[in-house]
Amino acid sequence: MSVKIFNRPDIQDFLKVLSGLDQKDGNPRVKQIVNRIVSDLFKTIDDLDVTPDEYWTAIAWVNEIGATGQAGLISPGLGLDHFLDERLDAIDDALGIKNETPRTIEGPLYVAGAPECQGFARLDDGTDTDGHTLIMHGTVYGADGRPSAGAKVEVWHCDTRGFYSHFDPTGKQAPFNMRRTIITDEHGRYKFRSIVPHGYGVPPGSPTEKLLSALGRHGQRPAHIHFFISADGHRKLTTQINIAGDPLINDDFAYATRDGLVPDVIERTDEASIKANDLSGPFAEIVFDIKLTALVDGIDNQVNALRPRAAA
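Residues numbered from 1 in each chain as written. Predicted model: local features only at pLDDT ≥ 70, side-chain atom pairs only at ≥ 80, totals over all residues. Heavy atoms only, no water.

**Considerations on the packing of helix H1 (residues 9-18) against helix H2 (residues 28-47)**
- Between H1 and H2, whose axes approach to 9 Å, the crossing angle comes to 145°. Relative to H2, the crossing made by H1 is right-handed. Contact residues: Ile11, Phe14, Leu15, Lys16 and Leu18 in H1; Asn35, Val38, Ser39 and Phe42 in H2.
- Of the residues assigned to the contact of H1 with H2, the class counts are six nonpolar, two polar and one charged. (Axes fitted to C-alpha atoms, helices over the stretch in contact; angles between N-to-C directions. Helix = DSSP H or I, 4+ residues; strand = E, 2+ residues; numbered from the N terminus. Left-handed = near helix turned anticlockwise from the far one by under 90°. Contact = heavy atoms within 4.5 Å. Nonpolar A, V, L, I, M, F, W, Y, C, P; charged D, E, K, R; others polar.)

**Section: the sheet that holds strand E10 (residues 224-230)**
- With mixed pairing, five strands are arranged side by side in an open sheet as E2-E6-E5-E10-E11. What marks the edges here is a single partner per strand, and that holds for strand E2 (116-118) and strand E11 (237-242). Geometrically, the sheet is characterised by an average inter-axis angle of 25° between neighbouring strands, direction not taken into account. (Pairing = 2+ DSSP bridges.)

**Examining empty space enclosed by the protein**
- For the coordinates displayed, the defined rule picks out two cavities of 30 Å³ or more.
- Considering the residues around the largest cavity, the lining is formed by Tyr110, Val111, Ala114, Glu154, Val155, Trp156, Arg179, Arg180 and Thr181.
- Contributing elements (two or more residues each) for the lining of the largest cavity: strand E5 (152-156) and strand E6 (179-183).
- Partitioning the lining of the largest cavity into residue classes produces five nonpolar, one polar and three charged.
- By volume, the second largest cavity is sized at about 30 Å³.
- The wall of the second largest cavity is formed by Asn99, Thr101, Arg235, Leu237, Lys291, Leu292, Thr293 and Gln302. (1 Å grid on protein atoms, 1.4 Å probe; cavity = no way out; pocket = protein on both sides within 12 Å on 5 of 7 lines; lining within 4 Å. Points joined across faces, edges and corners; volume = space filled by probe spheres on them.)

Now the structure itself:
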């Protein structure tokens, strides 16, 4: 038998009580948000006849997500990170701001404090012998269209097994392997040498994989490289590029692929290019210029200062 109780006056009063709307103390914003979230959950239970067994199965899954620290992983998997980016895009549109280099999701695997280099950095330590050498470079431009000297380019990516340093379950990688902060030169240029990363998936058997499987979805990501870019007088840009040719570019479980963020990968085999980069053999090259946007009334209106992040 299906019953509906959500709209009963006593249930509506109960929602006000449980969210503290009948109390003088507390945080009004938290009360407003909790009231909306719990109201939507009550209505979902009512409309879909959610059983106690289904509800407590979900609670067990939430506990497992917390115990494994995967809230930051399921968030992009359910499209929440992408939705936040879409909202920021819409806010920028309303303000007349054009993001020539698109933003996209940060992901949960950034680590603060990567070694700082001037102009050029070697990201990998050479221990991943399965990796194909990558040279990536470009110019950071300010809102005035001029090269931005002294801009900060933070870059991080995984190895050929799909593991990031500081999160590598095998313990194989040294701290800050494939992570650096590059300060652009007097011409606004950055450059780094590394290896071409591989795609990877969510941990097998994890609560994230369990939910995605229940949704009939996979948990795989295409190969990609993450960036934070910041400069005085500009908004910090969070973005990432995908490696062209990866079959999952348009099937990313985290919904991070965006137009303008899939630069060409050029295979260099000629001796002149090899020698110019102090290499001994063929390599892949990616050129990716970055265009920043100015502060809005002196404020960075898109920085996520309160987001939890790892630090070494």
